[in-house]
Amino acid sequence: MQIVNYTSFQDVANQERLKEALDVQRNEKGPVFYLLPSGRWLQEARKKQPGLRYTTFDDLATFIVSEAEEDVIYIGEQERTLFFQNMLKLDPKYRSFNENQSKVRGLADTYGQLKRLGLELEQTPQSLKEFMPLFTQYEDQTVKSQKMYDPENTVLKAVSLLKSKKTMVSTIYIDGFIDFSPLQYMLLKALVEAGLTINLYLPSSLSHPIIEGTLKDLEALGFDSSLKEEVEGATDVDVNVWSASTTAEEWRAVLQDIQLAPYCYEEIGIVLVDEREGMKHLEQYAKMYEVPLEKSKKRPLSKSISIQLLMMTITQDFSHQSRFDLLPLMDKMLALQAIKGVEYAKAKEAFLSTGDFIHKGIAELYARIQEVTWRKTSTFYQYIKQVILVIGALRLEEGWVKAAVSEVDTERLKDYIFEQRALEKIEDILSEYAEQLDSKQLTLLEMSLDVFSDWLKEVGEQTELFIERGSRRGVAIHTWRDLGLFKGKRLYVVGMNEGAYPAIHNLGGYVTEKDLYELPIEGALPTQEHFRSKQQAYLEQIFYSSEEVIFSYKKGLDPNHPLLPSPFIEEWYQKGVKEYTFESRMKQPVSFTENDQEEKVAFHLGLGKEVRDKGILLEQLMNRLKRLETAEEPIDVAYQERLTKDIVSVTELESYARCPFRHGLERVLHIEEAKQMKERISPLDIGQLVHLIIEEVYKELNLVGVPFGECPEELKSQVPILLREKFEVLWGEIEAASLEISRLDLMLAKENWWRKLNRWWQAERKHFWDNPQLAAMKIHALESSVRLELEIEGNKILTLTGKVDRVDVDDSGFAIYDYKTGFAQVKLEEEVRSGLKLQLPLYARAMRAGLTTAENEMRAHGASYISLREPEKRAGNGIWHSEHIGKGSKFLVHHSCKNKEDDLGGDPFMDTYELKEKVGQLWKGTRSEFPVRPLDCSSHCPYQSVCRVTEDQKEGL
């Protein structure tokens, strides 16, 4: 009869038991297996007593299968998913599943879950019967025909073999398990029935229902559980509960407390409730607070730049990508060539500007990448062989070896070595797979490229390389499964939030908990209740492990809807919670790092308190902030003379008025906009196209100087034809320079602007060429340059320059027009007086002076913007003589126009709006200061990332 031996969960892998097992190993002909519940326990046992086979149930099953059968291939869950993907792609019945990767994985996981429950396909739940043909196909083609066993089928095969064949295994030790999954139970049952000696040690210090349930299952197998020994119980433990406002504050509180603890680092342990995310945060903050950790560091192959580049060649087609689309590839290639710093910036800038590679090595690597092609469908074997060939063809390892030779920085050198090891590892893995497929004559197994890329990606994520040993005297990191290894004084359990612990247990695929009660499952059912009970048992281990226990959880920042702690710690939560927030941390009397010190000093300074020793950095920052708050950016006197110009364009003055700071960046420092992928055609390009088309059409048809009333209809009818011809040519140039923009977007933009040009011509005919009231008027000039001398403060003569889009004249006066591609308006008080809109009034003054002769003084009928969005509009977009506004206006100006000026451009007008003074102020500003004080702060400003404007500083209209 098999006997259940009782032990403490801290006494798992006891030295005496290990020695006893080794003695048995020496006396028995067959191997002795020692089964333990986790990888950490296996490592600990191997360290204590070498010479035994320390394994898991899966490893034992693999041994039993391997000794009975030859040419077996053991595959993982990702390979199983890969086979399911391949089958689904070939079966049109499952097309809807095939289009959704998560559904494919769901089917593969459903099969895996059924097998984890120890079920035959005939026992599939009724709700999943429709997938039985697919599951049967997988078993027939993969498991039975090819002897490719996934983990679940390996265990089931071992169970089957134990019933019919004798195994070499002599004795098995099972130590530290508090329950058994259905598959483990089935294997244990088969081992018992095969007559093997089994020494089972069950942690009995945990007086818990799950232990009682396990005992009942063992008794059903014939184990004697009557020889129960008294095991030392839990001692009094000091338990505290902490809450933190954020994850960052939670980890800071833990690491700071460790620094202040009266214990050595090796006497302190941390349990991570969320092992994956928790480890990331722990490593980050442990480095910040210089707390050594016992855990070694590993890095997955997926973090390798080489592997990432390799995946990019598989998943992306670089032949039809824009420069911006190619930037991620450019980053990888620069890293592979160890190009960094200024050289990195120059290489990237050159590529974005011209598409050229200024480094020979990058150009050669890109040429090799372009030669790589992948078939959409091929065999698994051919894809694997091609990846190996591509690694060699791209000469990836060669680049890292070359970089490592000249590198002196230790951290970078470690990265280069990791890259070399990653390439070696992936080649080894792929070569091994290729050999297995070849030996099993599976070289014709077909699949699509996306299925293969998913598989390769998963291999990269699951395969890790050792990077750095943990500190032998560091803080111990534990999971619930290996908590018995902790022998220290204080234990922190981090992340004890409701929902995180106890965690919700999900069955694989589409199997539901309801199905469990209808199936012939052996052993304990994997229900929510069972796993909650198991997690409760894990929690109780803590009170046997440490003298002090601190549970922490994240409360959040919303006091009305706080996050809650785990219900498992409710007992201690009710006794009181110590809260940790940013504010409480800032009020601590000690600092742990220089950064912590600076942060706390800054916090108190922000409260308006006096701090004697601010530190050099904070002193500099405070002085800088004081200057920045003024919004002033004065120019050093030594540079003012360089910026002084006697000739200045009107648009330059408008630019300064809109935003002096942007003006300085754009027109003085000539800082270009940050390059980014074109998502639409540049407004500047559109503006140039429109102005050029209008000018060329009017000039080529010789319409300049022709009175509107004398233009024949035949000539006017030629305008749309020539307009289209010019538009097609110029639009072609725009498309050639806009390769990043999709063809659809270009087509839509083209249709949009062609409609606007058509509307413009219809409006032109209405307002000018078909308007009998303007029959004597004519276009005097297009794109006419103007100069205006203006006397400003101190008798200084300033020359203003500009270009008028269009000037129309008749015997008594003139009108000027400025074409705009966007919406356009002008407000005399708000925009002219402030300097935002100076072109119309100053150009009117310049043209008035230029057109007036001794015999004939020309007056300004008006000045107006013509928007291609609203080409018919004549109201708030212009300034007009009062006689031309309202009913009977020969310029068709709407009566709502408020910009009435009977002396536009004259001295009274200039005096009314103080334009000479404003021009003088703006001119002076352009050479002396560029304050952050915009009158027109655009939400699309390209300099937002370097601008410090606040709402108070926006003097906007």
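One can find the structure itself at the top, above this paragraph.
Below or above, wherever it landed, is the structure these notes cover. (Residues numbered from 1 in each chain as written. Predicted model: local features only at pLDDT ≥ 70, side-chain atom pairs only at ≥ 80, totals over all residues. Heavy atoms only, no water.)

1. Examining a negative patch on the surface
At step 1: The grouping of Glu424, Asp428, Glu432, Glu435 and Asp438 at the surface amounts to a negative patch.
At step 2: Tracing the backbone shows Asp428 in helix 19 (residues 410–439). (Patch = residues over 30% accessible without salt bridge, like charges linked within 9 Å, V, L, I, M, F, W, Y side chains within 5 Å. Areas by Shrake-Rupley, 256 points an atom, 1.4 Å probe, with all protein chains shown as cover. Salt bridge = Lys/Arg side-chain N within 4 Å of Asp/Glu carboxyl O. Lys, Arg positive; Asp, Glu negative; His and termini not counted. Charge placed at Lys NZ, Arg CZ, Asp CG, Glu CD. Helix = DSSP H or I, 4+ residues; strand = E, 2+ residues; numbered from the N terminus.)

2. Details of the pattern of salt bridges
At step 1: A full pass over the atoms with the stated rule returns 62 salt bridges.
At step 2: Between Arg585 and Glu249 there is a salt bridge, with the nearest N and O atoms lying 2.8 Å from each other. Residue Arg585 is found in helix 24 (residues 582–586), and its partner Glu249 is found in helix 11 (residues 247–260); the two are separated by 336 residues along the sequence. Each member of the pair, Arg585 as well as Glu249, carries the same accessibility label: buried.
At step 3: With a shortest N-O distance of 3.3 Å, Glu547 and Lys489 are connected by a salt bridge. Separated by 58 residues along the polypeptide, Glu547 in the loop between helix 22 (528–545) and strand 16 (548–554) and Lys489 in the loop between strand 14 (476–478) and strand 15 (490–494) bring together distant segments of the chain. (Buried < 20%, exposed > 50% of the residue type's maximum accessible area, 1.4 Å probe, protein only.)

3. Re the packing of aromatic side chains
At step 1: Per the counting criterion, the structure on display carries 45 aromatic pairs.
At step 2: Note on Trp374 and Tyr383: the rings are 6.4 Å apart at their centroids and 35 degrees apart in plane angle, and the pair reads as tilted. The exposure classification of Trp374 matches that of Tyr383, with both residues buried.
At step 3: With 5.4 Å between their ring centres and 75 degrees between their planes, Phe768 and Tyr817 make a pair best called edge-to-face. Separated by 49 residues along the polypeptide, Phe768 in helix 32 (residues 743–769) and Tyr817 in strand 21 (residues 813–820) bring together distant segments of the chain.
At step 4: Chaining the aromatic ring pairs together yields one cluster made of Tyr698, Phe708, Trp760, Trp761, Phe768, Trp769, Tyr817, Tyr819, Trp880 and Phe891.
At step 5: For the cation-ring pair, Arg17 lies above Tyr201, with the distance from its terminal atom to the ring centre recorded as 4.3 Å.
At step 6: In this structure, Arg806 packs its charged tip against the face of Phe768, placed 4.1 Å from the ring centre. (Phe/Tyr/Trp six-rings, centres within 6.5 Å; stacked < 30°, edge-to-face > 60°. Lys NZ or Arg CZ within 6 Å of the ring centre and 35° of its normal.)

4. Looking at the sheet that holds strand 9 (residues 268–272)
At step 1: If you trace the six strands from one edge of the open sheet to the other, you get 14-9-15-16-8-17, paired in parallel fashion. Strands with a single pairing partner mark the edges of an open sheet, and in this sheet they are strand 14 and strand 17 (577–580). Looking at each pair of strands side by side, their axes are set apart by 25 degrees on average, direction ignored.
At step 2: On top of the sheet, helix 12 (residues 275–288) reaches strand 9 and strand 14; it is set at about 135 degrees to strand 9, its chief contact.
At step 3: Lying on the sheet, helix 22 is in contact with strand 8 (238–244), strand 15 and strand 16; it crosses strand 16 at an angle near 140 degrees. (Pairing = 2+ DSSP bridges. Axes fitted to C-alpha atoms, helices over the stretch in contact; angles between N-to-C directions. Contact = heavy atoms within 4.5 Å.)

5. A look at helix 30 (residues 683–700)
At step 1: Under the 1.5 Å per step criterion, the end-to-end length of helix 30 is 26 Å for 18 residues, consistent within 8% with the ideal 26 Å.
At step 2: Residues of helix 30 that are buried include every one of Ile686, Gly687, Leu689, Val690, Ile693, Ile694, Glu695, Val697 and Tyr698, and no others.
At step 3: For helix 30, the N-terminal capping position is held by Ser682, with its side-chain oxygen 3.1 Å away from the main-chain nitrogen of Leu684. (Expected span 1.5 Å × (residues − 1). Polar contact = N/O pair within 3.5 Å; in protein donor to acceptor, adjacent residues only side chain to side chain.)

6. Digging into helix 22
At step 1: In a regular helix each residue adds 1.5 Å, so 18 residues correspond to 26 Å; helix 22 covers 26 Å between its end C-alpha atoms and thus fits that length.
At step 2: All of the buried residues in helix 22 are His530, Ser533, Lys534, Gln535, Ala537, Tyr538, Leu539, Gln541, Ile542, Phe543, Tyr544 and Ser545.
At step 3: Looking at the buried residues of helix 22, the elements they touch are helix 10 (209–220), strand 8, strand 15, strand 16 and helix 23 (570–573).

7. Concerning a nonpolar patch on the surface
At step 1: On the surface, a cluster of nonpolar side chains totalling about 280 Å² of accessible area is made up of Leu744, Met747 and Leu748.
At step 2: Take Leu748: it is sitting in helix 32.
At step 3: Note on Leu748: relative accessible area 44%, which makes it partly exposed.

8. Topic: the sheet that holds strand 3 (residues 53–55)
At step 1: Here five strands make up an open sheet; going across it, the order is 1-7-6-2-3 and the pairing parallel. Every other strand in the sheet has two partners, leaving strand 1 (3–7) and strand 3 as the edge strands with one partner each. Neighbour-to-neighbour, the strand axes of the sheet open up by a mean angle of 20 degrees, direction not taken into account.
At step 2: With four bridges joining them, strand 2 (residues 32–35) and strand 6 (residues 171–175) adopt parallel strand pairing. Bridge assignment links Phe33 to a residue of strand 6, and that residue is Ile172.
At step 3: Here helix 3 (residues 57–68) sits on the sheet and contacts strand 2, strand 3 and strand 6; the angle it forms with strand 2, its principal contact strand, is near 155 degrees.
At step 4: Relative to strand 7 (residues 197–203), helix 10 is tilted by about 165 degrees, and along the sheet it contacts strand 1 and strand 7.

9. Some details on the state of the cysteines
At step 1: Enumeration over the complete set of coordinates arrives at zero disulfides.
At step 2: Cysteine Cys941 is unpaired, with the sulfur of Cys659 as its nearest cysteine sulfur at 6.4 Å.
At step 3: Under the relative-accessibility criterion, Cys941 is labelled buried at 15%.
At step 4: With no disulfide of its own, Cys947 lies closest to Cys659 among cysteine sulfurs, the gap being 5.9 Å.
At step 5: Of the residues examined, Cys947 reaches a relative accessible area of 25% and is grouped as partly exposed. (Disulfide = S-S within 2.5 Å.)

10. Comments concerning the environment of Leu842
At step 1: The topology assignment puts Leu842 in helix 34 (residues 839–851).
At step 2: Under the relative-accessibility criterion, Leu842 is labelled buried at 1%.
At step 3: Separated by 618 residues in sequence, Leu842 and Asp224 have C-alpha atoms that sit 107 Å apart.
At step 4: Beyond its immediate chain neighbours, meaning those up to four positions away, Leu842 contacts Val650, Leu788, Leu800, Met910 and Val919.

11. Focus on empty space enclosed by the protein
At step 1: Within the structure shown, the criterion is met by five cavities of 30 Å³ or more.
At step 2: Within this model, the largest cavity holds a volume of roughly 50 Å³.
At step 3: Surrounding the largest cavity, Ile73, Ile75, Glu79, Phe83, Met148, Phe380, Tyr433, Gln436 and Leu437 form its lining.
At step 4: Elements with a contribution of two residues or more to the lining of the largest cavity: helix 4 (77–90) and helix 19.
At step 5: The element best represented in the lining of the largest cavity is helix 19, accounting for three residues.
At step 6: In terms of residue class, the lining of the largest cavity is built from seven nonpolar, one polar and one charged. (1 Å grid on protein atoms, 1.4 Å probe; cavity = no way out; pocket = protein on both sides within 12 Å on 5 of 7 lines; lining within 4 Å. Points joined across faces, edges and corners; volume = space filled by probe spheres on them. Nonpolar A, V, L, I, M, F, W, Y, C, P; charged D, E, K, R; others polar.)

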